Amino acid sequence: MKMNQFEILQIRELPSSIVRDDEVTKEEVAKSRLSFLIVFQHQEGNEAVALHVSLRYQVPDGAVLLQEGATLVAKIAGWKGMAKDEKSLRSNDIVISLVDYGLAFVGGMIYRHVTGTVLNSVLPPHMDAASIMQYVVIDAKNSQPVATES
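Computed from a prediction, not measured in an experiment: that's the story for all the values here.

Looking at the environment of Ser35
Stage number 1. Summarising the element assignment, Ser35 is placed in strand E3 (residues 33-43).
Stage number 2. In sequence terms Ser35 and Gln134 are 99 residues apart; their C-alpha atoms lie 15 Å from each other.
Stage number 3. Setting aside residues up to four positions removed in sequence, Ser35 forms contacts with Ser54, Leu55, Arg56 and Gln58.

What to know about the nonpolar core
Stage number 1. Formed by 40 residues in total, the largest nonpolar core has its most connected members in Ile38, Phe40, Ile76, Leu98, Leu103 and Leu119.
Stage number 2. Looking at this core, the elements that each hand over two or more residues are E3, strand E4 (48-58), strand E5 (64-76), helix H3 (93-114) and helix H4 (129-132).
Stage number 3. The dominant element in this core, judged by the number of residues it contributes, is H3, at ten residues.

Points about the pairing of E5
Stage number 1. With eleven of 13 residues buried, E5 lies mostly within the body of the structure.
Stage number 2. Taken together, the seven bridges between strand E1 (residues 6-13) and E5 define a ladder with antiparallel strand orientation. Paired with Arg12 across the two strands is Thr71, which belongs to E5.
Stage number 3. As defined by bridge partners, strand E2 (residues 17-18) adjoins E5 across two bridges and the pair is classed as antiparallel. Paired with Ile18 across the bridge in E5 is Leu66.

Conventions we followed
Residue positions are given per chain, counting from 1 as you read along its sequence in written order. Owing to the predicted nature of the model, reporting of local features is limited to residues with pLDDT of at least 70; listing and counting of side-chain atom pairs is limited to 80 or more, with chain, interface and lining totals taken over all residues. As a rule here, side-chain values come from all non-hydrogen atoms in the structure, and water together with hydrogens is ignored. Under the DSSP-based scheme used, a helix requires at least four consecutive residues in state H or I and a strand at least two consecutive residues in state E, with every element numbered from the N terminus. Two residues qualify as a contact provided that any one of their heavy atoms is within 4.5 Å of a heavy atom in the partner residue. By nonpolar core we mean a set of buried residues, namely Ala, Val, Leu, Ile, Met, Phe, Trp, Tyr and Cys, connected to one another through side-chain atoms within 4.5 Å. Using a 1.4 Å probe on the protein chains alone, a residue whose accessible area is under 20% of its type maximum counts as buried, one over 50% counts as exposed, and one in between counts as partly exposed. One requirement defines pairing of two strands: DSSP has to find at least two bridges between them.

Structural data, given as structure tokens:
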């Protein structure tokens, strides 16, 4: 990643959940599956973008063992001049770098919670952001009208 491709303006943790060691067996942990949700939001006329990353481990019966996520608000270098259609954003190196950063950040949050617990085997695998960009939800919002007093 080149320096100054994006600047993180704010990070907000999403509500998380984790089961306690006495509520889950090693067998259940071994059967758990990782799912993820990644949403990239931008708004016409706004230089800041939002990236929502959520990772969840759950067992086949649907019980959630661990859920962690964050919203990263960033300013992307050259955003004004970029093409903002889905195809262009999905292949944009800077957007891919931001998604990669978000995945690593949330992976670190998971590490913080599972270290020393029965869930320590559910650390997320490295997910190549370029490979998963086809699954990323891209949400373009219209600019919000400015309220005026009459």
